[in-house]
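Examining the three-dimensional arrangement
If you want the building blocks of each chain, they are given just below.
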Amino acid sequence: MLQVLLARLKQGHRTARYPNEEPKLPDRFRGLPVLDPSRCPDGCRSCADACPTDAIAADGGLRLDLGRCLFCAECTRACPEGAIRYTTDHRLAARTREDLVLGGRGLRLAEALDQKSRRLFGRSLKLRQVSAGGCNGCESDVNVLNTVVFDLGRFGGQFVASPRHADGLLITGPVTENMKLALRKTYDAVPAPKIVIAVGACAIAGGPFIDYPEVHNGADAVVPVDLYVPGCPPHPLTILDGILRLLGRLEEKRPAP
């Protein structure tokens, strides 16, 4: 027992100081993409042709759909002029599907729920996690929110075993045909009012399986979604940031890239 206590003292403070301190992410981290249409030669479609999920449109102006983006960086490697680059900005969550499309404006960060919903969920949010056919990438990053580093519990968040004990659902995976009914029944079992969070490219738009007949291209084909968290998979801080914004716990403006 003494050795355990000594080891714990040696480890020191392990919980991240986020959101009081900005996280220090490595340069290799791929966060918010930045588009520079002025670098696009007329008629060039190199980035769009390289994208495996058709997340990029280069006809009539450069646009990128974060909901479809796998953050694979094939577009940056294919673009001869550097019109697309990835930053280390982890803040990606949005309230509507339309807000995830980058073009003439920057990303509109997720806004908080209405005042009544914030009173209900703001300090105690119980979520039932549903893997609707995921590869376990997003599921793993959701799982670490329970660890001492990210510690979702310090914000009142908790994952529960039963939808009947939940305030909402956190969904991962593209919603396979075999999971469609299960997801719907789970949603119906959550008492109203309730919220739904779609985490990852698969849960938003189908990910690499988009438009396959075996999947339904994301959660909002089956249930209404209140928060979209892009990524493949999204960083735990990206998920945490989105949840806190939804609850009105984060409202600061995005710094310039």
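The rules behind each value
- Residues numbered from 1 in each chain as written.
- Predicted model: local features only at pLDDT ≥ 70, side-chain atom pairs only at ≥ 80, totals over all residues.
- Heavy atoms only, no water.
- Helix = DSSP H or I, 4+ residues; strand = E, 2+ residues; numbered from the N terminus.
- Rg over C-alpha atoms; globule rule 2.2 N^0.38 Å.
- Buried < 20%, exposed > 50% of the residue type's maximum accessible area, 1.4 Å probe, protein only.
- Contact = heavy atoms within 4.5 Å.
- Core = buried A, V, L, I, M, F, W, Y, C linked by side-chain atoms within 4.5 Å.
- Salt bridge = Lys/Arg side-chain N within 4 Å of Asp/Glu carboxyl O.
- Pairing = 2+ DSSP bridges.
- Right-handed = clockwise from strand over helix to strand, strands pointing away.
- Lys, Arg positive; Asp, Glu negative; His and termini not counted.

**Describing the overall build of the protein**
Assigned secondary structure in the protein consists of eight helices and 10 strands. Its C-alpha radius of gyration of 19 Å places the protein within 12% of the 18 Å reference for a compact globule of 257 residues. By its C-alpha atoms, the protein is 65 × 45 × 35 Å across when sized along the principal axes. For the protein, with 257 residues in total, the buried portion stands at 46%. In the protein, the proportion of contacts linking residues at least 24 apart, taken out of those at least 6 apart, comes to 75%.

**Quick look at the nonpolar core**
One finds Ile56, Leu66, Ile84, Ile171, Leu183 and Val223 to be the most contacted residues of the largest nonpolar core, which totals 44 residues. Of all the elements in the fold, those that place two or more residues in this core are α2 (46-50), β4 (84-86), β8 (168-172), α6 (177-189), β9 (195-199) and α7 (201-205). Ranked by the residues each element gives to this core, the list is headed by α7, at three residues. Discounting residues that sit within four places of it in the chain, Ile56 has contacts with Cys47, Ala48, Cys51, Leu62, Arg63, Leu64, Cys75 and Ile84. Of all hydrophobic cores here, the second largest spans 30 residues; its members include Phe29, Ala110, Ile197 and Val229.

**What about the pattern of salt bridges?**
Tallied over the entire structure, the rule returns 10 salt bridges. The salt bridge involving Asp59 is made with Arg45; its shortest N-O contact spans 3.1 Å. Here Asp59, found in the loop between β2 (56-57) and β3 (63-65), pairs with Arg45, found in the loop between β1 (33-35) and α2; they are 14 residues apart in sequence, far enough to count as distant. For Arg45, a relative accessible area of 31% puts it in the partly exposed group.

**Considering the pairing of β9**
Along β9, five of the five residues are buried, which leaves the element largely enclosed by surrounding structure. With burial as the criterion, each face of β9 is covered, one bearing Ile195, Ile197 and Val199 and the other bearing Val196 and Ala198. As judged from the four bridges shared by β8 and β9, these two strands associate in the parallel manner. Residue pairing across strands places Ile171 opposite Ala198, the latter belonging to β9. In this region the chain leaves β8, passes through α6 and returns to the parallel neighbour β9; the handedness of that crossover is right-handed. In terms of strand pairing, β9 meets strand β10 (residues 227-229) through three bridges, oriented parallel. Its bridge partner lying in β10, Ile197 is registered against Leu227.

**Looking at the side chain of Glu139**
Tracing the backbone shows Glu139 in helix α5 (residues 137-143). Among buried Asp, Glu, Lys and Arg side chains, Glu139 stands out as unpaired, with Arg128 the closest opposite charge at 12 Å. Among residues more than four places away in sequence, those in contact with Glu139 are Gln129, Ser131, Gly134 and Thr172.

**Re the sheet that holds strand β5 (residues 101-102)**
Pairing within the open sheet is antiparallel, and its three strands lie in the order β2-β3-β5. At either margin of the open sheet sits one strand with a lone partner, and together these are β2 and β5. Note: β2 against β3, two bridges, orientation antiparallel. When the sheet's bridge partners are listed, Ala57 is paired in β3 with Arg63.

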